[in-house]
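Chain and residue survey
Take a look at the letters that make up each chain.
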Amino acid sequence: NSLLSPTVEQLGIVFSGKWSTMPIKFVYITDTHFGAEKVQFFEQPSYPEKLPELLSLLDARIRQDKEIQFVIHGGDMLNQCSEELIRKLPDVFHLSVPLYLCLGNHDLTHPDALKHWLQLAPNFFPARTPCFSLEMEQCFLHIVPNQWGDAPYYWADAQDSQFTEDQLAAVGQTVQQNPNYTHIFFTHSNIMGILPGQTGFDQPYNSPKESFSQQVFTFTEKYPQVRYVISGHTHVNSNVKRNEIRYVTASSFVEAPFEYKIFELDDKYVSMSTENLVKEIGFNADYDFNKVFV
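A short note on the environment of Glu-255
- The residue Glu-255 is located in the loop between β10 (245–249) and β11 (259–265) in this model.
- By relative accessible area, which is 2% here, Glu-255 ends up buried.
- Expressed as a C-alpha distance, the spacing of Glu-255 and Pro-45, which sit 210 residues apart in the sequence, is 5.5 Å.
- Apart from the residues within four sequence positions on either side, Glu-255 is in contact with Phe-41, Phe-42, Glu-43, Gln-44, Pro-45, Ser-46 and His-235.
- Within the structure, the side chain of Glu-255 is placed 3.3 Å from the backbone nitrogen of Glu-43, a separation counted as a polar contact.

Below, the structure is given as structure tokens:
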């Protein structure tokens, strides 16, 4: 079957196999926008041209912490999809641990984007599929890139976040089969806007369509074992508890102060910390103090 007409397996979930034991520790980064000469959307001053240096600093920290097992990238690894840029990524993202990617909208700007990703950067996708689950001891990490319109894995310009029925059904089936596991759901688009209590604005900031939020809320209400929903896209850190589910977003790794998150899981707890690299960079970086809510 053509990758331009994805099969159920490509739209659904393929398991990578059980390969880790408790405790689990991994790094989460997002929105690196590699290849951008000038980013169109940013919340803090952005330095995508410094990505190799930032990744080198991050990898030095990973090598110091022997407990970190892998990195999850929340999407928009690229600023615009092209074969040339994808071919460069394995060298740019050459880390000491495996890296897994949840495709974002900027990663899907070419009609053949999915084909290019799976052929040219297969190590980012276990079983060579964009949707997959990492099965750990007592935990599943579900990587489920949301869609952006009628054409699967293609983004033109509309911010029309959505999941296919196959995607959510596949995760739901796994949850039903493993009800005593902790389930963490990773996608790219934010599920809700950044709340006024954080920004000081009158209304939620950068809200997705209500239909997308409701699709996810309905899913998590049906499967409450999905305890955490993690995403990027907003370039803003947020951590909101709704009906006992945590909805978390992360800032852009290439925006000052160059943040990433560390997740740790054991048989009782999930913890999250946000770290930054600003004191270690070898260049001058600006910061917008009018946007400390980021």
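The structure having been displayed, the exposition proceeds.
Concerning the environment of Val-292
- Relative to the assigned elements, Val-292 resides in the segment after β12 (270–276).
- A relative accessible area of 56% places Val-292 in the exposed class.
- Taking the C-alpha atoms as reference, Val-292 lies 37 Å from Asp-150; in sequence the two are 142 residues apart.
- Aside from chain neighbours lying at most four places away, what touches Val-292 is Gln-44 and Tyr-287.

Things to note about the pattern of salt bridges
- Taken as a whole and judged by the stated rule, the model has ten salt bridges.
- Linking Lys-209 and Asp-160 is a salt bridge whose minimum nitrogen-to-oxygen distance equals 3.6 Å. Taken as a pair, Lys-209 in the loop between α6 (196–199) and α7 (210–222) and Asp-160 in the loop between β6 (139–143) and α5 (165–177) lie far apart in primary sequence, 49 residues in all.
- Judged by relative accessible area, which is 43%, Lys-209 ranks as partly exposed.
- Accessibility expressed as a relative area gives 22% for Asp-160, which makes it partly exposed.
- In this structure, Lys-241 and Glu-244 form a salt bridge, with 3.4 Å as the shortest nitrogen-oxygen distance.
- On the basis of relative accessibility, which here comes to 48%, the residue Lys-241 falls in the partly exposed class.
- The exposure class of Glu-244 is partly exposed, given its relative accessible area of 47%.
- Salt bridges sharing common partners tie together Lys-25, Asp-65 and Glu-67.

Concerning a negative patch on the surface
- There is a patch of like negative charges on the surface, built from Glu-137, Glu-264, Asp-266 and Asp-267.
- Taking the relative accessible area as the measure of exposure, Asp-266 reaches 32% and is therefore partly exposed.

Concerning the packing of aromatic side chains
- Inspection of the entire model under this criterion finds 23 aromatic pairs.
- Plain terms: the ring middles of Phe-26 and Phe-186 are 6.0 Å apart, the flat faces sit at 70° to each other, and that makes the pair edge-to-face. Of this pair, Phe-26 sits in strand β2 (residues 24–29) while Phe-186 sits in strand β7 (residues 182–186), and the two are 160 residues apart along the sequence.
- Phe-26 gets classed as buried once you look at its relative accessible area, which sits at 0%.
- Here the aromatic rings of Tyr-28 and Phe-263 are separated by 6.4 Å at their centres, their planes lie at 90°, and the arrangement is edge-to-face. Placement of Tyr-28 in strand β2 and of Phe-263 in strand β11 is noted, with a sequence separation of 235 residues between them. Comparing Tyr-28 with Phe-263, the two get one shared label, buried.
- Among the aromatic side chains, those forming a connected cluster through ring pairs are Phe-26, Tyr-28, Phe-70, Tyr-100, Phe-132, Phe-186 and Phe-263.
- The ring of Phe-217 is capped by Arg-242, whose NZ or CZ atom sits 3.6 Å from the centre of that ring.

What to know about the environment of Asn-206
- Mapping Asn-206 onto the fold places it in the loop between α6 and α7.
- For Asn-206 and Val-236, which are 30 residues apart along the polypeptide, the C-alpha to C-alpha distance reads 9.8 Å.

Looking at the nonpolar core
- Judged by nonpolar contacts, the single largest core of 84 residues is most densely connected at Phe-93, Trp-117, Phe-124 and Leu-141.
- When residues of this core are assigned to their parent elements, the largest contribution, six residues, is made by helix α2 (residues 51–64).
- Excluding its chain neighbours within four sequence positions, the residues that come into contact with Leu-141 are Phe-26, Phe-70, Ile-72, Phe-132, Ser-133, Leu-134, Met-136, Ile-184 and Phe-186.
- Grouped together as the second largest cluster of nonpolar side chains are five residues, Tyr-205, Val-236, Phe-293 and Val-294 included.

Observations regarding the side chain of Thr-249
- Summarising the element assignment, Thr-249 is placed in strand β10.
- What makes Thr-249 buried here is its relative accessible area of 4%.
- Of note is the side chain of Thr-249, whose polar atom sits 2.7 Å from the backbone oxygen of Val-236.
- Engagement of the side chain of Thr-249 in a polar contact is seen with the side chain of Ser-238, the distance being 2.5 Å.
- Those residues in contact with Thr-249 that sit more than four places away from it in its chain are Asn-190, Ile-194, Ser-231, Gly-232, Thr-234, Val-236, Asn-237, Ser-238 and Lys-261.

Rules of the game
- Residues numbered from 1 in each chain as written.
- Predicted model: local features only at pLDDT ≥ 70, side-chain atom pairs only at ≥ 80, totals over all residues.
- Heavy atoms only, no water.
- Helix = DSSP H or I, 4+ residues; strand = E, 2+ residues; numbered from the N terminus.
- Buried < 20%, exposed > 50% of the residue type's maximum accessible area, 1.4 Å probe, protein only.
- Contact = heavy atoms within 4.5 Å.
- Polar contact = N/O pair within 3.5 Å; in protein donor to acceptor, adjacent residues only side chain to side chain.
- Salt bridge = Lys/Arg side-chain N within 4 Å of Asp/Glu carboxyl O.
- Patch = residues over 30% accessible without salt bridge, like charges linked within 9 Å, V, L, I, M, F, W, Y side chains within 5 Å.
- Areas by Shrake-Rupley, 256 points an atom, 1.4 Å probe, with all protein chains shown as cover.
- Lys, Arg positive; Asp, Glu negative; His and termini not counted.
- Charge placed at Lys NZ, Arg CZ, Asp CG, Glu CD.
- Phe/Tyr/Trp six-rings, centres within 6.5 Å; stacked < 30°, edge-to-face > 60°.
- Lys NZ or Arg CZ within 6 Å of the ring centre and 35° of its normal.
- Core = buried A, V, L, I, M, F, W, Y, C linked by side-chain atoms within 4.5 Å.

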